[in-house]
Amino acid sequence: MTERMLKFVSVAQEQPEKRPAEARRRDFNEIYDELPLTQAQTQSSRCSQCGVPFCSVHCPLGNNIPDWLMMTAAGRLEEAYEVSSATNNFPEICGRICPQDRLCEGNCVIEPGFESVTIGAVERFITDTAFEQGWVRPVRPVAERTQTVGIIGAGPGGLAAAVQLRELGFQVHVYDRYDRIGGLMMYGIPGFKLEKDIVLRRHRLLEDSGVTFHLGKGVADVDGDDTIAFSTLHNRHDAVLIATGVYKSRDIGGPGAGLGGIVRALDYLTASNRVSLGDSVAEYESGALNAAGKSVVVIGGGDTAMDCVRTAIRQGARSVKCLYRRDRANMPGSVREVKNAEEEGVEFVWLAGPEAFLGDGHVTGVRAVRMKLGLPDASGRQSVEPVEGSAFTLEADLVVKALGFDPEPLPTLWGQPDLGVSRWGTLMVDRQTFMTSLPGVFAAGDIVRGASLVVWAIRDGRDAAAQMHRWLETVAAVRAEAAE
């Protein structure tokens, strides 16, 4: 089979066809076409099958990428799917939204001079084909267990853990404050990167697998119509996994920061995604969270900022500017996303930070100041310093703050003062067992590591599920021994 591979010397890299910028500005459909079979096979054949696959090493899930590339090149797609899904619960999602340019593709050993293998698009192709062919089937445990597990959060970490625990036969219940599963995959990531049917398809599969969902059910300190007390949930289940993610938006101060028209990125993206799903959103209909006809300034440089600027373009904004205090080389967002945004008409204002917000009751502009890069700070990144006398003003009817996310104060919200947190507010866990300071309560994903990638949440959910399985078996053994 290896004669089909190592064709990077004769076959050029090709990414999937991308819809023209003018066309994709008009809707929220995904911008990349699916690879046809022949192109998927040809691009897979470019893999060098290297002895040390850095693509796998730099994948948080350790996906066996060379193996499923080789199988795809040979036309053995069902086997390719089995290998791909063995380490990744949601390969069709990672194939769409992972920053491959920073992970697998960015570390491909053939990249210098030849360009990397098209890994993400092939991963997406394999799983979409598997769904079309009926190869993706509900989980069927070998044996059912009586022990139950409660998972708080239906995001990627919680869902990955749910799949793993359900395969082992546990009775899995997932609680989420939203009315649909997916967390930020559903409400934070726009459809042009991840169409929502892809997530809803997984919801149906998980229900068919026997996972019970309690949607629109947030966790609080007391029971209510749309809440369940953490103490109730803890007593109801043999083990609990906290996989809430981080939803508290970082804020920015300064003169005028309280003016109308200055909104949080998550509020803005959630409203847009809800409208795309057919929901009625009052703040969107009133124009408060709608960029149509407005001059929009988005503050931030990560992938969330890219989602906001590209959403504003599709909503019909008059102009869209991204204000970022560092330069392009130091931007944390995906290089591909920046390029896509520029193609769609977004203007980037590099090396500039907000100083004040102008307006009388409602924002009319952002006064910014030019920045220069200084010496590296404690994180290793170059610090930024304002350039004296360099202030300028950007017109703005709508300002979106995309500055990142912090954890919510769960011990306070849930009435659990003994739930240990770090100085950053993330939950403290034993790094080997994933258990928190509360016996039988585990945690995984962003609520432990801080705001990160979907692929890392999946990895944490899988690892936490393995540790919960080990702990639950120990508990069951102790109970059985005591009953004798």
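You'll find the structure just up there.
Remember, it's a predicted structure, so these values are computed and weren't measured experimentally. (Residues numbered from 1 in each chain as written. Predicted model: local features only at pLDDT ≥ 70, side-chain atom pairs only at ≥ 80, totals over all residues. Heavy atoms only, no water.)

### Some remarks on the pairing of strand β13 (residues 363–376)
Note: strand β12 (residues 352–359) against β13, 7 bridges, orientation antiparallel. Paired with Leu358 across the bridge in β13 is Gly365. Between β12 and β13, which pair antiparallel and follow one another directly, the connecting turn spans 3 residues, one of which, Gly361, has a positive phi of 90°. Where β13 meets strand β15 (residues 392–395), 4 bridges bridge the pair, whose relative direction is antiparallel. (Pairing = 2+ DSSP bridges. Helix = DSSP H or I, 4+ residues; strand = E, 2+ residues; numbered from the N terminus.)

### A look at the nonpolar core
Note on soluble globular proteins: their nonpolar side chains tend to be buried together. Among the nonpolar cores identified, the biggest contains 69 residues, and Ile151, Phe230, Leu241 and Ile242 are the most heavily contacted of them. Of all the elements, helix α19 (residues 454–483) adds the most residues to this core, at 7 residues. Residue contacts for Ile242: discarding those within four places in its chain leaves Ile152, Phe230, Leu410, Trp414, Leu419, Leu427, Val441, Phe442, Ala443, Ala444 and Ile447. Residues Cys55, Val122, Ala130 and Phe131 belong to the second largest nonpolar core, which totals 30 residues. (Core = buried A, V, L, I, M, F, W, Y, C linked by side-chain atoms within 4.5 Å. Buried < 20%, exposed > 50% of the residue type's maximum accessible area, 1.4 Å probe, protein only. Contact = heavy atoms within 4.5 Å.)

### Observations regarding the sheet that holds strand β3 (residues 212–215)
In space, the 5 strands of this open sheet follow the order β3-β2-β1-β6-β18, with parallel pairing throughout. Of all strands in the sheet, those with a lone pairing partner are β3 and β18 (441–443), marking the two edges. Each strand of the sheet is rotated relative to its neighbour by a mean of 20°, with strand direction disregarded. Bridging between strand β1 (residues 148–152) and strand β2 (residues 171–176) involves 5 bridges; their strand directions are parallel. Paired with Thr148 across the two strands is Gln171, which belongs to β2. The strands touched by α19 within the sheet are β1, β6 (239–242) and β18, with β6 carrying the most contacts at an inclination of about 165°. (Axes fitted to C-alpha atoms, helices over the stretch in contact; angles between N-to-C directions.)

### Re the packing of helix α5 (residues 77–87) against helix α8 (residues 119–133)
Contact geometry for α5 and α8: axes closest at 9 Å, N-to-C directions at 110°. By the angle between their directions, the pair α5 and α8 is classed as roughly perpendicular. Crossing of α5 against α8: the hand is left-handed. Side by side, α5 and α8 meet where Leu77, Ala80, Tyr81 and Ser84 of the first sit next to Glu123, Phe125, Ile126, Thr127, Thr129 and Ala130 of the second. (Parallel < 35°, antiparallel > 145°, perpendicular 65-115°, else oblique. Left-handed = near helix turned anticlockwise from the far one by under 90°.)

### Observations regarding the side chain of Glu337
Secondary-structure assignment places Glu337 in helix α16 (residues 335–343). The class of Glu337 is buried, set by a relative accessible area of 10%. Apart from residues lying up to four places away in sequence, Glu337 is in contact with Lys193, Asp303, Met306 and Arg310.

### Description of a nonpolar patch on the surface
On the surface, a nonpolar cluster with roughly 330 Å² of combined accessible area is contributed by Val52, Phe54, Val57 and Val109. Tracing the backbone through its elements, the reader meets Val52 in the loop between α2 (37–44) and α3 (54–57). (Patch = residues over 30% accessible without salt bridge, like charges linked within 9 Å, V, L, I, M, F, W, Y side chains within 5 Å. Areas by Shrake-Rupley, 256 points an atom, 1.4 Å probe, with all protein chains shown as cover. Salt bridge = Lys/Arg side-chain N within 4 Å of Asp/Glu carboxyl O.)

### Describing the pattern of salt bridges
Summed over the entire model, instances satisfying the criterion amount to 35 salt bridges. With a closest N to O distance of 3.6 Å, Arg124 and Asp128 form a salt bridge. Linking Arg124 with Asp128, this pair stays in helix α8, spanning 4 residues, or about one helical turn. Summarising the burial analysis for this pair, Arg124 and Asp128 share the class buried.

### With respect to the side chain of Thr436
With respect to the element layout, Thr436 can be found in the loop between α17 (410–413) and β18. Overall, Thr436 belongs to the buried group, its relative accessible area being 8%. Look past the residues within four positions of Thr436 in its chain and what remains in contact with it is Leu419, Met428, Val429, Val441, Phe442 and Ala443.

### A look at unusual backbone geometry
One non-glycine residue, Leu6, lies in the positive phi region at around 60°. We classify Leu6 as partly exposed; its relative accessible area is 43%. Backbone geometry places Leu351, a non-glycine residue, at a positive phi of 50°. Tracing the backbone through its elements, the reader meets Leu351 in the loop between β11 (347–349) and β12.

### Quick word on α2
Those residues of α2 lying buried are Gln39, Ala40, Gln43 and Ser44. Angularly, the buried residues of α2 cover 130° about the axis, an arc narrow enough to put them on a single face. Those residues of α2 hidden inside the fold are in contact with α4 (65–73) and α8. (Arc of directions from axis to C-beta.)

### Points about the packing of aromatic side chains
Enumeration over the complete set of coordinates arrives at 7 aromatic pairs. Considering the side-chain rings of Phe230 and Trp414, the 5.2 Å spacing of their centres and the 10° angle between planes classify their relative orientation as stacked. Here the residue Phe230 occupies a position in helix α12 (residues 230–236), and Trp414 occupies one in the loop between α17 and β18, the gap between them amounting to 184 residues. For the pair Phe230 and Trp414, a shared accessibility class is recorded, and that class is buried. Linked through ring pairs, Tyr178, Tyr187 and Tyr247 together constitute an aromatic cluster. Over the aromatic face of Phe131 sits the side chain of Arg201, whose NZ or CZ is 3.7 Å from the ring centroid. Geometry around Phe192 places Arg314 over its ring, the cationic atom sitting 4.0 Å from the centre. (Phe/Tyr/Trp six-rings, centres within 6.5 Å; stacked < 30°, edge-to-face > 60°. Lys NZ or Arg CZ within 6 Å of the ring centre and 35° of its normal.)

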